[in-house]
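# Survey of secondary and tertiary structure
Below, each chain spelled out in residue letters.
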Amino acid sequence: MEIGIDSFAAASLRDDKSSASDSVQAVEELLERITYADQVGLDVFGIGEHHRKEFLDSAPTIILAAAAAQTKRIRLTSAVTVLSAADPVRVFQNFATLDLISRGRIEMVVGRGSFTEAFPLFGLKLQDYDELFTEKLNLLLNIRANEIVNWSGKFRSALNNQAIYPRPLQNPLPIWIGVGGTPESFVRAGKLGLPLMVAIIGGETHRFRPLVDLYKAAGKKAGHSPEQLKVGLHSLGYVANTTAEAMEDYYPGYAETFTRIGKERGWPPVTRTQFAAQAGPLGALLVGSTEEVAVKILRHSDVLGGISRVTFQMDNAGLSHIKLLKAIELIGTRVASLVNG
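A few points on the structure. (Residues numbered from 1 in each chain as written. Predicted model: local features only at pLDDT ≥ 70, side-chain atom pairs only at ≥ 80, totals over all residues. Heavy atoms only, no water.)

## Regarding the overall build of the protein chain
Within the protein chain, the regular secondary structure consists of 11 helices and 12 strands. Relative to the 2.2 N^0.38 estimate, which gives 20 Å for 341 residues, the radius of gyration of the protein chain is 19 Å and therefore close to what a compact globule would have. Across the 341 residues that make up the protein chain, the buried fraction comes to 54%. Counting only contacts in the protein chain whose residues sit at least 6 apart along the sequence, the fraction spanning at least 24 positions is 72%. Total accessible area computed for the protein chain in this model is approximately 14,900 Å², and 55% of it derives from carbon and sulfur atoms. For the protein chain, the separation between the mean place of its 36 positive charges and that of its 36 negative charges on side chains is 4 Å. (Helix = DSSP H or I, 4+ residues; strand = E, 2+ residues; numbered from the N terminus. Rg over C-alpha atoms; globule rule 2.2 N^0.38 Å. Buried < 20%, exposed > 50% of the residue type's maximum accessible area, 1.4 Å probe, protein only. Contact = heavy atoms within 4.5 Å. Areas by Shrake-Rupley, 256 points an atom, 1.4 Å probe, with all protein chains shown as cover. Lys, Arg positive; Asp, Glu negative; His and termini not counted. Charge placed at Lys NZ, Arg CZ, Asp CG, Glu CD.)

Here you go:
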């Protein structure tokens, strides 16, 4: 199983504000963490895409390019590219160029995003949410498969015998579908034979098994081999020397972040009891000691019918750079060996 990290490039906010120098430091530290993840043997590092003041990942391909120049082995990916709000031609060109820079270590996870700021920002209508993604994914896959593209759709001008360059080193360039809990999204990924990255940030992980089964059944019906139908798991998580230490480190920032987001979405404030349940044996959070987290990853894999990749999203809890580096070290040197040993 591949083990990795996802980051949303959290900004350093003080009283709901950040300075340019704070942002410079945050990006420098993020690149240091990616380089360290490479050094300790992690398999993949992903950068998200958001258009909010608490994140610095509105141009994730720029961060990935800097990381590609500083790393040697680790695979680099988006987590996720908000394809609904992007031009698939430019998305492909950006990632193909990244693939050349990294000598074939680039992937992308495409999705619709869990926030909606990108839609008004780029002049799009939220009611076209699903239709935009369906059309743009179709075009992106067409470009991946064909150097000369003929295509027409509703939301952008047609392409007539249009050559699209550069071409990536990898053929095909790996494209995953990022999904939440919508059954149609799982079925779509299965029909297309694309690997699936499931974001499970709350609830009990085993409840996603019927959706994973839908994905595999749709893929099998469409004639895709089981090897194509890979399942990855994106989880909120953090590892420390002991479970008690991990819980104490992670909870304050986690509670602040999700209580703040909850105000936007009508959720109640986070409580310590809820957090403990989420970090328990059946909950979605991968928070604990190396041994406990490794056991939980294997349990998640078993209940979901086998997963090929798991990524930790750790920088949503206001943890210090030093603590994040230590967690990366523990995941790379101990959790990975326990999971794959």
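## Examining unusual backbone geometry
Glycine aside, residues mostly have negative phi, and peptide bonds are mostly found in the trans state. Residue Ala-79 is joined to Val-80 through a cis peptide bond whose omega torsion reads 5°. Tracing the chain through its elements places Val-80 in the loop between β3 (75-78) and β4 (81-82). A cis amide bond links Tyr-165 with the next residue in sequence, Pro-166, at an omega value of 0°. Residue position: Pro-166 is located in the loop between β7 (159-163) and β8 (175-179). For Ala-9, which is not glycine, the phi torsion reads 50° and is therefore positive. One non-glycine residue, Asn-161, lies in the positive phi region at around 50°. Tracing the backbone through its elements, the reader meets Asn-161 in strand β7. We classify Asn-161 as exposed; its relative accessible area is 58%.

## A few points about the pairing of strand β1 (residues 2-7)
The element β1 is largely enclosed, with a buried count of five among its six residues. Pairing of β1 with strand β12 (residues 309-313) involves five bridges; the strand directions are parallel. Residue Asp-6 lies in a different strand from β12, and its bridge partner there is Gln-313. Note that β1 and strand β2 (residues 44-47) share four bridges and pair parallel. Across the sheet, the residue bridging to Gly-4 is Val-44, located in β2. (Pairing = 2+ DSSP bridges.)

## A few points about the packing of aromatic side chains
Inspection of the entire model under this criterion finds eight aromatic pairs. On the basis of an interplanar angle of 25° and a centroid distance of 6.3 Å, the ring pair of Tyr-250 and Phe-275 is categorised as stacked. Here Tyr-250, found in helix α8 (residues 243-265), pairs with Phe-275, found in helix α9 (residues 272-278); they are 25 residues apart in sequence, far enough to count as distant. The exposure classification of Tyr-250 matches that of Phe-275, with both residues buried. Put simply, the rings of Tyr-238, Tyr-250, Tyr-251, Tyr-254, Phe-258 and Phe-275 pair up and form one aromatic cluster. (Phe/Tyr/Trp six-rings, centres within 6.5 Å; stacked < 30°, edge-to-face > 60°.)

## What about helix α10 (residues 290-303)?
Look at α10: 20 Å from first C-alpha to last across 14 residues, which is about the 20 Å you get at 1.5 Å a residue. Every buried residue belonging to α10 is among Thr-290, Val-293, Ala-294, Lys-296, Ile-297, His-300 and Ser-301, and all of these are buried. Take α10 and look down its axis: the buried residues cluster within an arc of 160°, on one side only. Taken together, the buried residues of α10 touch β10 (231-240), α9, β11 (286-289), β12 and α11 (321-340). Gly-305 occupies a position one or two residues after α10 and carries a positive phi of about 85°. (Expected span 1.5 Å × (residues − 1). Arc of directions from axis to C-beta.)

## Remarks on the pairing of β8
Within β8, five of the five residues are buried, which leaves it mostly tucked inside the rest of the structure. Sheet analysis places β8 next to strand β9 (residues 196-200), joined by three bridges and oriented parallel. Looking at the pairing, Val-179 lines up with Val-198 of β9. Taken together, β8, helix α6 (residues 183-192) and β9 constitute a β-α-β crossover, and its handedness is right-handed. (Right-handed = clockwise from strand over helix to strand, strands pointing away.)

## Concerning the environment of Phe-122
Considering the arrangement of structural elements, one finds Phe-122 in the loop between α4 (118-121) and α5 (129-145). By relative accessible area, which is 44% here, Phe-122 ends up partly exposed. Taking C-alpha positions, Phe-122 is 8.3 Å from Ala-86, a pair spaced 36 residues apart along the chain. Filtering out sequence-adjacent residues up to four positions away, Phe-122 remains in contact with His-51 and Ala-85.

## Observations regarding the environment of Glu-291
With respect to the helices and strands, Glu-291 occurs in helix α10. Once you skip the residues sitting within four places of it in the chain, Glu-291 turns out to touch Arg-334 and Leu-338.

## Looking at α6
All of the buried residues in α6 are Ser-185, Phe-186, Arg-188, Ala-189 and Gly-190. Its buried side turned inward, α6 meets α5, β8, β9 and α7 (209-221). Gly-193 lies just past α6 and shows a positive phi near 70°.

## So, the pattern of salt bridges
A side chain with one charge may pair with a side chain of the opposite charge, provided their charged atoms come close. Tallied over the entire structure, the rule returns 18 salt bridges. The closest approach of N and O atoms between Glu-107 and Arg-309, which form a salt bridge, is 2.9 Å. Linking Glu-107 in strand β5 (residues 106-111) with Arg-309 in strand β12, this pair joins segments that are 202 residues apart in sequence. Classification of Glu-107 by relative accessible area gives buried; the value is 5%. The salt bridge partner of Glu-204 is Arg-207, with a shortest N-O separation of 3.3 Å. One salt-bridge network, held together by shared partners, links Arg-52, Glu-54, Glu-117, Glu-256, Arg-260 and Glu-264. (Salt bridge = Lys/Arg side-chain N within 4 Å of Asp/Glu carboxyl O.)

What is shown is where atoms sit, not what they do.
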